[in-house]
Amino acid sequence: MMIVRPSEARGHANHGWLDSHHTFSFADYYDPDQMGFRALRVINEDRVAPRSGFGTHPHRDMEIVTYVLSGQIEHRDSMGTLGVLRAGEVQRMTAGTGVLHSEMNKSGEELHFLQIWILPERKGLTPSYEQKAFTEKERQGRFRLVVSPEGTDGALKVHQDLRLYSTLLGKGEQTEYALAPGRHAWLQVARGKGTLNGVELKAGDGVAVSEESRLVLSASEPLEALLFDLA
């Protein structure tokens, strides 16, 4: 069973410096039928104008993953972390008992990224942070593991039974994923067009998947997508 969440059905907010599309309910956008999928709570596609960003603000009891599509973002937090993420880099922050952070685009070009919130396996975790770059070569034509509960194979460690994969496909290219019995998946198309098990998808579309064992993603034009494997 696959249920498509079309790009144009998402919530939308344009604050001038921030143009944001919300796959699930977030901030002023509320839809009781779109409160997340399994442990996946937020997928925001954000475009941040040059020399602007999110000032210091608090989070707690959430696993936050940042996936940069273009541009760069400076992360600063109350744990003493200062990091800059660029295209192809992924960040995981465990908010746990509470953390303050800012996310700023200090460059002269637009920042385009996905902000993902995941419900943690339990509340009260110790706050922590990590980031890693994943090359185009290791993501091209395959699902590359970038986040997992074990943090193996060079992936970032998340405190939830969830595995996140990234892929880049050229026009006419395809890749497959075997979904174990009882598992669920969410596919988010970040860029391009293609099909998932024959269902046509475009940038911004998401797909909830249950009771499927084989997922075949094909690109009709160059495509970038994230696949979440969820309990």
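Just above sits the structure.
Residues numbered from 1 in each chain as written. Predicted model: local features only at pLDDT ≥ 70, side-chain atom pairs only at ≥ 80, totals over all residues. Heavy atoms only, no water.

K.L.:
Describe the sheet that holds strand E9 (residues 89-94), with residues and values.
P.N.:
The strand order across the open sheet formed by seven strands is E2-E3-E4-E11-E6-E9-E12, and the pairing between neighbours is antiparallel. Two strands in the sheet have a free side with no partner beyond their single neighbour: strand E2 (11-14) and strand E12 (128-133). This sheet shows a mean twist of 15° between the axes of neighbouring strands, independent of strand direction. Taken together, the five bridges between strand E6 (residues 63-70) and E9 define a ladder with antiparallel strand orientation. (Pairing = 2+ DSSP bridges. Helix = DSSP H or I, 4+ residues; strand = E, 2+ residues; numbered from the N terminus. Axes fitted to C-alpha atoms, helices over the stretch in contact; angles between N-to-C directions.)

K.L.:
Describe the packing of aromatic side chains, with residues and values.
P.N.:
Applying the stated criterion across every chain, the model contains eight aromatic pairs. Judged by centre distance (6.5 Å) and plane angle (90°), the ring pair of Phe54 and Phe113 falls under edge-to-face. In this pair, Phe54 is assigned in strand E5 (residues 52-59) and Phe113 in strand E11 (residues 111-118), connecting sequence segments 59 residues apart. On the accessibility criterion, Phe54 (18% relative accessible area) is buried. In textbook terms, an aromatic cluster arises when at least three aromatic residues are bridged by ring pairs, as seen for Trp17, Phe54 and Phe113. Above the ring of Phe134, the side-chain terminus of Lys132 is found at 5.8 Å from the ring centroid. (Phe/Tyr/Trp six-rings, centres within 6.5 Å; stacked < 30°, edge-to-face > 60°. Buried < 20%, exposed > 50% of the residue type's maximum accessible area, 1.4 Å probe, protein only. Lys NZ or Arg CZ within 6 Å of the ring centre and 35° of its normal.)

K.L.:
Break down the environment of Ser107 for me, with residues and values.
P.N.:
Counting through the fold element by element, Ser107 comes out in the loop between strand E10 (99-105) and E11. Owing to a relative accessible area of 12%, Ser107 belongs among the buried residues under this scheme. As a C-alpha pair, Ser107 and Glu221 span 114 residues in sequence and 29 Å in three-dimensional space. Separated by 2.7 Å, the side chains of Ser107 and Asn105 make a polar contact. (Polar contact = N/O pair within 3.5 Å; in protein donor to acceptor, adjacent residues only side chain to side chain.)

K.L.:
Go over the side chain of Glu63 with me, naming the residues and quoting the values.
P.N.:
You can see Glu63 is positioned in strand E6. Buried within the structure, Glu63 lacks any salt-bridge partner; Arg92 is the closest side chain of opposite charge, at an N-O distance of 4.6 Å. At 2.9 Å, the side chain of Glu63 forms a polar contact with the side chain of Thr94. (Lys, Arg positive; Asp, Glu negative; His and termini not counted. Salt bridge = Lys/Arg side-chain N within 4 Å of Asp/Glu carboxyl O.)

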